[in-house]
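Spelled out, the chains give:
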Amino acid sequence: MSIIPANLGRVPNALIQQQLLANINRTNISLLDVQNQLTTGKIVNRPSDDPVRASAVGVLDSRLAVADQRGRNLDHAQSLLDSLDTILGEATSLVQQAQNVASSQIGTGSDADTRRTQATVIDSLLAQLKNISNRDVSGVFVFGGSTPG
């Protein structure tokens with residue numbers, strides 16, 4: 001003797017079969033969702049799967065994007081500072097050379113022609129210093145602003 005479940009007391013056999021088929025379909029869909037989660041490694045494949053978790057994933061993704069951008073900004077700033085350090089080293093070297101040349105011309109040991117020649121050397125050092133001060137690194141002018149000249 002078979003026992004009829006309480007929720008299916010007096011219903012036609014076709015309705016019972018439809019309910020059982022719907023239960024099997026729901027179970028198969030649940031198994032498919034679990035299989036998708038296992039293969040992709042993601043709990044939420046679509047926002048409609050779990051709206052609360054999907055919004056949390058969206059927040060975490062935006063935080064990761066902001067952190068990545070911050071890292072790229074810091075890398076760019078570091079490269080600019082490294083370039084600035086190199087440029088300042090070159091400028092210091094040029095100024096020291098100019099100072100040495102000018103200091104060697106002080107006193108009684110040099111005549112006007114020698115001083116004129118050394119002035120040409122100092123002028124070339126100043127021109128190099130001007131070129132260094134107008135140098136750009138990655139589209140950013142180090143000392144010259146946006147319109148160097």
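Rules of the game
- Residues numbered from 1 in each chain as written.
- Predicted model: local features only at pLDDT ≥ 70, side-chain atom pairs only at ≥ 80, totals over all residues.
- Heavy atoms only, no water.
- Helix = DSSP H or I, 4+ residues; strand = E, 2+ residues; numbered from the N terminus.
- Buried < 20%, exposed > 50% of the residue type's maximum accessible area, 1.4 Å probe, protein only.
- Expected span 1.5 Å × (residues − 1).
- Core = buried A, V, L, I, M, F, W, Y, C linked by side-chain atoms within 4.5 Å.
- Axes fitted to C-alpha atoms, helices over the stretch in contact; angles between N-to-C directions.
- Parallel < 35°, antiparallel > 145°, perpendicular 65-115°, else oblique.
- Left-handed = near helix turned anticlockwise from the far one by under 90°.
- Contact = heavy atoms within 4.5 Å.
- Nonpolar A, V, L, I, M, F, W, Y, C, P; charged D, E, K, R; others polar.
- Arc of directions from axis to C-beta.
- Salt bridge = Lys/Arg side-chain N within 4 Å of Asp/Glu carboxyl O.

**Here's the deal with the overall build of the protein chain**
Working step 1: Counting its secondary structure elements, the protein chain contains three helices and two strands.
Working step 2: Ordered by position from the N terminus, the helices and strands of the protein chain form the series α-α-α-β-β.
Working step 3: Burial status across the protein chain gives 10% buried among its 149 residues.

**Re helix H1 (residues 13-40)**
Working step 1: Along its 28 residues, H1 runs 40 Å from first to last C-alpha, staying within 8% of the 40 Å computed at 1.5 Å per residue.
Working step 2: Just beyond H1, the residue with positive phi is glycine 41, at close to 80°.

**Quick look at the nonpolar core**
Working step 1: Residues Ile87, Leu94, Ala98, Leu125, Ile132 and Val137 constitute the largest nonpolar core, which totals six residues.
Working step 2: Those elements that place two or more of their residues in this core are helix H2 (51-104) and helix H3 (112-133).
Working step 3: Counting residues per element, this core draws most heavily on H2, which supplies three residues.

**Section: the packing of H2 against H3**
Working step 1: Running from N to C, H2 and H3 point in directions that differ by 165°, and their axes come no closer than 10 Å. Accordingly, the angle class assigned to the pair H2 and H3 is roughly antiparallel. Helix-helix and strand crossings are classified by hand; for H2 and H3 the assignment is left-handed. Residue-level contacts link Ile87, Glu90, Ala91, Leu94, Val95, Gln97, Ala98, Val101 and Ala102 of H2 to Gln118, Val121, Ile122, Leu125, Gln128, Leu129 and Ile132 of H3.
Working step 2: Considering only residue class, the contact of H2 with H3 consists of twelve nonpolar, three polar and one charged.

**Comments concerning the environment of alanine 54**
Working step 1: Position of alanine 54 relative to the elements: it lies in helix H2.
Working step 2: Put simply, alanine 54 and isoleucine 43 are eleven residues apart on the chain and 9.3 Å apart in space, counted from C-alpha to C-alpha.
Working step 3: Those residues within four positions of alanine 54 in sequence are excluded, and the remaining contacts are Val44 and Pro47.

**Some details on H3**
Working step 1: Here H3 is 22 residues long and its end C-alpha atoms lie 31 Å apart, about the 32 Å a rise of 1.5 Å per residue gives.
Working step 2: When we look at burial in H3, the residues that qualify are Ile122, Leu125 and Ile132. The buried residues of H3 occupy an angular sector of 60° when the element is viewed end-on, so they sit on one face. Exposed residues lying more than 90 degrees from the buried face of H3 are Arg116, Thr120 and Asn131.
Working step 3: Where the residues of H3 are buried, they touch H2.

**Some thoughts on the pattern of salt bridges**
Working step 1: As enumerated under the stated definition, the model contains four salt bridges in all.
Working step 2: Among the salt bridges present, the one from arginine 46 reaches aspartate 49, with a minimum N-O distance of 3.0 Å.
Working step 3: What makes arginine 46 partly exposed here is its relative accessible area of 46%.
Working step 4: The residue arginine 135 makes a salt bridge to glutamate 90 at a minimum N-O spacing of 3.1 Å. Of this pair, arginine 135 sits in the loop between H3 and strand E1 (136-137) while glutamate 90 sits in helix H2, placing them 45 residues apart in sequence.

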